[in-house]
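Survey of secondary and tertiary structure
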Amino acid sequence: MNRNRDGIMTGAIVFIVIALAAILLLHDSGVDMGNSMFMSYVDVVLTSDGGETRRFLAVAYSEYTKAIDPFEPDAMRAYVTSDDAYLAETHEDKSVTNTLRDARLFDESGAEIEADPRMRALLEAAQGIDGAIRRVKIFSVKDQLFAQVTVYVGAWETNALYHFVDDDTKLRHLGSFPGEEVVGLRLTPALGG
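What comes next concerns the included structure.

What counts as what
Every chain is numbered on its own, with residues counted from 1 as its sequence reads. With the structure being a predicted model, the display of local features is reserved for residues of pLDDT at least 70 and the display and counting of side-chain atom pairs for 80 or more, all residues being used for whole-chain, interface and lining totals. Excluded from the side-chain calculations are hydrogens and water; all other atoms, namely the structure's heavy atoms, are used. Under the DSSP-based scheme used, a helix requires at least four consecutive residues in state H or I and a strand at least two consecutive residues in state E, with every element numbered from the N terminus. Here's how the labels work: a residue is buried when its accessible area is under 20% of the maximum for its type, exposed when over 50%, partly exposed in between, all with a 1.4 Å probe on protein chains only. Residue contacts are counted whenever heavy atoms from the two residues lie within 4.5 Å of one another. Using a 1.4 Å probe, accessible areas were evaluated by the Shrake-Rupley method; residue-level cover was limited to the displayed protein chains. Two strands are counted as paired when DSSP detects at least two bridges linking them. The angle between two axes is taken between their N-to-C directions and runs from 0 to 180 degrees, where each axis is a line fitted to C-alpha atoms and a helix contributes only its stretch in contact. Counted as salt bridges are all cases of a side-chain nitrogen of Lys or Arg within 4 Å of a carboxyl oxygen of Asp or Glu.

Some points on the overall build of the chain
- For the chain, the count of helices and strands is two helices and 13 strands.
- Relative to its full complement of 193 residues, the chain shows a buried share of 37%.
- Contacts spanning at least 24 positions in sequence make up 49% of the contacts within the chain whose residues lie at least 6 apart.
- Looking at the chain as shown, the accessible area adds up to about 11,600 Å², and 55% of this sits on carbon and sulfur atoms.

Structure follows, in structure tokens:
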């Protein structure tokens, strides 16, 4: 009987040591211990009211966000499609299919540029978004591409932020921000920031 109790005690001690090591590892990795499921993926600056109001958010891949202190965003370049770049077809089941018609992009000064192969792949990946696409704004930050996709939802427009994942040429949804525009991004260590 003492042998069983000694085995249980040893197992409990091993479990406690492993649990403490995991807690210390998570703490050192940047996970907010207040919400252990939250690990910031990219920090976002949003504006609304014509630029009058700014919000600073940490965004996780899990589509969770949390308010953070103001920060200086990374240098980025922005490119936008025309408002008629996609043709949206609504089906009987209310789903929407988008077809890319025009891959021209315009830089911040309004000059037309040719989409490079990665940007073209991002624009093609956006065709899979369920909702009538009005426009796509691409942000190039360091070697990462993000997209703010404006879609019609009923009679309203909403903006959603996506990260373009090169390995599988897909857009990964990071969050929706109705009535707000992305004006700055800062990469976190999860993306080499």
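Moving on, there is more to tell.
Description of the pairing of strand 2 (residues 53–59)
- As paired elements, strand 1 (residues 42–48) and strand 2 share seven bridges and run antiparallel to each other. Note that in strand 2 the partner of L46 across the bridge is R55.
- Hairpin connection from strand 1 to strand 2: four residues lie between these consecutive antiparallel strands, with D49 at a positive phi of about 55°.
- Bridge count for strand 2 against strand 3 (residues 65–67) is three bridges, and the pairing is antiparallel. By the bridge assignment for strand 3, V59 is matched with T65.
- Linking strand 2 to strand 3, which pair antiparallel, is a turn of five residues; within it E63 sits at a positive phi near 70°.

A few points about unusual backbone geometry
- If you check the backbone angles, K94 has positive phi at about 75° while not being a glycine.
- With respect to the helices and strands, K94 occurs in the loop between strand 5 (86–90) and strand 6 (96–100).
- With a phi angle near 55°, K142 is a residue other than glycine that sits in the positive phi range.

Considerations on the sheet that holds strand 13 (residues 181–187)
- Reading across from one edge, 3-2-1-13 is the order of the four strands in this open sheet, with antiparallel pairing throughout. Strands at the two margins of the open sheet, each flanked by one partner only, are strand 3 and strand 13. Neighbour to neighbour, the strand axes of the sheet diverge by 30° on average, direction disregarded.

What to know about the pattern of salt bridges
- Taken as a whole and judged by the stated rule, the model has nine salt bridges.
- Among the ionic pairs, D43 bridges to R186, the shortest N-O distance being 2.6 Å. Residue D43 is found in strand 1, and its partner R186 is found in strand 13; the two are separated by 143 residues along the sequence.
- A salt bridge links D166 to R118, with the nearest nitrogen and oxygen atoms 3.0 Å apart. With D166 in the loop between strand 11 (156–165) and strand 12 (170–176) and R118 in helix 2 (residues 117–125), this residue pair connects regions lying 48 residues apart in the sequence.
- With relative accessibility at 30%, the residue R118 sits in the partly exposed group.
- Each of D83, R134, R135 and E157 takes part in one network of salt bridges that share partners.

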